[in-house]
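# Observations on the three-dimensional arrangement
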Amino acid sequence: MKDKYLVTTFYKFFPIDKQSLSIYQSSILAKGEELGIYGLLLLGTEGVNSTLSGEPKKLEEMKNFLKTTLEQPDLFFKDSWAPKNPFKRYKVKVRKEIVTLGTPELVPEKEQNNHLPPNEWHEMLQREDVVVIDTRNHYETEIGKFKQAMDPNIKDFKEFPEYLEKAQIDKDKNIMIYCTGGIRCEKAILDMHRKGYKNVYQLEGGILNYMQHYPQGDFEGECFVFDHRVSVDGHLNPSKTYSLCPHCGNPGKEVINCKQCDKEAKVCHHCLEKDAEIHSTCSKNCAYHYQRQHQKTC
Ligand SMILES: [Zn+2]
Ligand SMILES: [Zn+2]
């Protein structure tokens, strides 16, 4: 049985003129409020990027509204499920870049993007002459990635161009890049092209789209998502393994009983390695009080 809330991730690069931005903003905000939608929608002159949640019927209505209002009938939605609402609020914001690489001059166009649908991606993954790069951040790759993929070990997507310069990958190689829902790769590929990489392919719709077709494919672990579910498994169901670590905000799976209040909680192994005693607590608040009582500094 499917969960109660439908969650959908989508983006599209298409030009929006500045005057229209605030008009779209207010009409999308009003419609979402009317339908009880939650999540975040970003608008910019380069397009739209969003993850929204709601009751399935209401969210379907919202999808149709967005297709019509933005005049983008081929908006592509990647759906997953949640037992409870994974967002606290609903916001529609205007931003300079709808995904931040720090390169507003790189705006993706349809023609030059080398998308591979999941089946072609899966086939190409089996080849030996390819380099696979995960364009996500380290706290994401740490809980799951394609088994063949290199992890650039970056903290923020803005570090990706610098990673490429250091990595010195052969520019004639076939390179496969992917991210959660596909939007980061749309920008990464442009940066790679201008650096002289010729054969770059990106996973259409990202990991979320791949999992829909290959729940037990080559993606190992869970896929980090930017809401209260923390991550989703191969069947796109919310994580049973991870919670957000109360001390650092990254995914954690080490079960502790709080030294201060005895509540059970999950923290990450990094924090435990740093200070097992102070971080064996369920919240920043408990950590603070525990530390005061034990006269320790972390
Ligand atoms: Zn932590
Ligand atoms: Zn506690």
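Source: prediction; values computed, not measured.

Within the protein, the zinc ion (ligand 2) binds to Cys258 (SG), Cys261 (SG), Cys282 (SG) and Cys286 (SG); these donor distances fall in the range 2.3 to 2.4 Å. Seen from the zinc ion (ligand 2), its four donor atoms lie at angles of 103 to 117°, and the figure they make is tetrahedral. Along the chain, the residues donating to the zinc ion (ligand 2) are arranged with the sequence spacing C-x2-C-x20-C-x3-C. With respect to class, Cys282 is no different from Cys286; both count as buried.

Taken as a whole and judged by the stated rule, the model has 12 aromatic pairs. Look at Trp121 and Tyr178: their rings are 5.9 Å apart centre to centre, the planes differ by 75°, and that puts the pair in the edge-to-face class. You can see Trp121 sitting in helix α3 (residues 118-125) and its partner Tyr178 sitting in strand β9 (residues 174-178), a full 57 residues away along the chain. Note on accessibility: Trp121 and Tyr178 belong to one class, buried. A centroid spacing of 5.3 Å and a plane angle of 75° characterise the contact between Tyr139 and Phe224, whose relative ring orientation is edge-to-face. Remark: Phe224 occurs in strand β12 (residues 223-224) and Tyr139 occurs in helix α4 (residues 138-141); sequence separation between them is 85 residues. The exposure class assigned to Tyr139 is partly exposed, which follows from its relative accessible area of 22%. Following the ring pairs from residue to residue traces out a cluster consisting of Trp121, Phe146, Tyr178, Tyr210, Tyr214 and Phe219.

Structurally, the position occupied by Leu59 is in helix α2 (residues 56-69). As for Leu59 and Val7, which are separated by 52 residues in sequence, their C-alpha atoms are 8.2 Å apart. Not counting residues within four places of it along the chain, the set of residues in contact with Leu59 comprises Leu6, Val7, Thr8, Ile37, Leu52, Ser53 and Gly54.

Moving on: the sheet that holds strand β1 (residues 5-13). The strand order β4-β1-β3-β2-β5 describes an open sheet built from five strands, whose pairing is mixed. Two strands in the sheet have a free side with no partner beyond their single neighbour: β4 (78-82) and β5 (90-94). Within this sheet the neighbouring strands show an average axis-to-axis angle of 10°, counted without direction. Pairing between strand β2 (residues 38-44) and strand β3 (residues 47-54): seven bridges, direction antiparallel. In the sheet register, Leu42 faces β3, and the bridge partner there is Asn49.

Let's shift gears to the coordination of the zinc ion (ligand 1). Around the zinc ion (ligand 1), the donor atoms from the protein are Cys245 (SG), Cys248 (SG), Cys268 (SG) and Cys271 (SG), and they sit 2.3 to 2.4 Å away. Viewed at the metal, the four donor atoms of the zinc ion (ligand 1) are separated by angles of 103 to 116°, and the geometry they form is tetrahedral. Donor residues binding the zinc ion (ligand 1) come from one chain and are separated in sequence as C-x2-C-x19-C-x2-C. The exposure class assigned to Cys245 is buried, which follows from its relative accessible area of 2%.

Counted under the stated rule, the structure contains zero disulfides. Summary of cysteine pairing: Cys223 is not part of a disulfide, and the nearest cysteine sulfur, belonging to Cys179, is at 9.2 Å.

Turning our attention to the pairing of strand β17 (residues 264-267). Put simply, side chains in a regular strand alternate between the two faces of the sheet. Only one face of β17 is buried, namely the one carrying Ala265 and Val267, since none of Glu264 and Lys266 on the opposite face is buried. Bridging between strand β16 (residues 254-257) and β17 involves four bridges; their strand directions are antiparallel. Bridging from a neighbouring strand, Glu254 pairs with Val267 of β17.

Further remarks concern the environment of Thr100. Relative to the helices and strands, Thr100 resides in the loop between β5 and β6 (115-116). Distance from Thr100 to Lys158, taken between C-alpha atoms, is 6.7 Å for residues 58 residues apart in sequence. In this structure, Thr100 is in contact with Phe157 and Lys158, ignoring residues within four places of it in sequence.

Okay, the domain arrangement of the protein next. With domains assigned, the protein is organised as domain 1 (5-94), domain 2 (110-225) and domain 3 (243-293). Centre-to-centre separation of domain 1 and domain 3, based on C-alpha positions: 35 Å.

Moving on to the pattern of salt bridges. Summed over all chains, the structure comprises 18 salt bridges. Between Lys63 and Glu60 there is a salt bridge, with its nearest N and O atoms 3.3 Å apart. Of this pair, Lys63 and Glu60 both sit in helix α2, three residues apart, roughly one helical turn. Residue Glu60 is classed as partly exposed on the basis of its relative accessible area of 36%. Note that Lys63 is salt-bridged to Asp79, the shortest N-O span being 2.9 Å. Of the two residues, Lys63 is situated in helix α2 and Asp79 in strand β4; the sequence distance between them amounts to 16 residues. Across the pair, exposure class does not vary: Lys63 and Asp79 are buried alike. Linked through salt bridges whose partners overlap, the residues forming this network are Glu105, Glu165, Asp191, Arg194 and Lys195.

About the cut-offs
Residues numbered from 1 in each chain as written. Chains lettered and ligands numbered in written order. Predicted model: local features only at pLDDT ≥ 70, side-chain atom pairs only at ≥ 80, totals over all residues. Heavy atoms only, no water. Donors = N, O, S within 2.8 Å, 3.2 Å for Na, K, Ca; no water. Tetrahedral: all angles 85-135°; square planar, octahedral: opposite > 155°, others 65-115°. Buried < 20%, exposed > 50% of the residue type's maximum accessible area, 1.4 Å probe, protein only. Phe/Tyr/Trp six-rings, centres within 6.5 Å; stacked < 30°, edge-to-face > 60°. Helix = DSSP H or I, 4+ residues; strand = E, 2+ residues; numbered from the N terminus. Contact = heavy atoms within 4.5 Å. Pairing = 2+ DSSP bridges. Axes fitted to C-alpha atoms, helices over the stretch in contact; angles between N-to-C directions. Disulfide = S-S within 2.5 Å. Domains from an automatic or database assignment. Salt bridge = Lys/Arg side-chain N within 4 Å of Asp/Glu carboxyl O.

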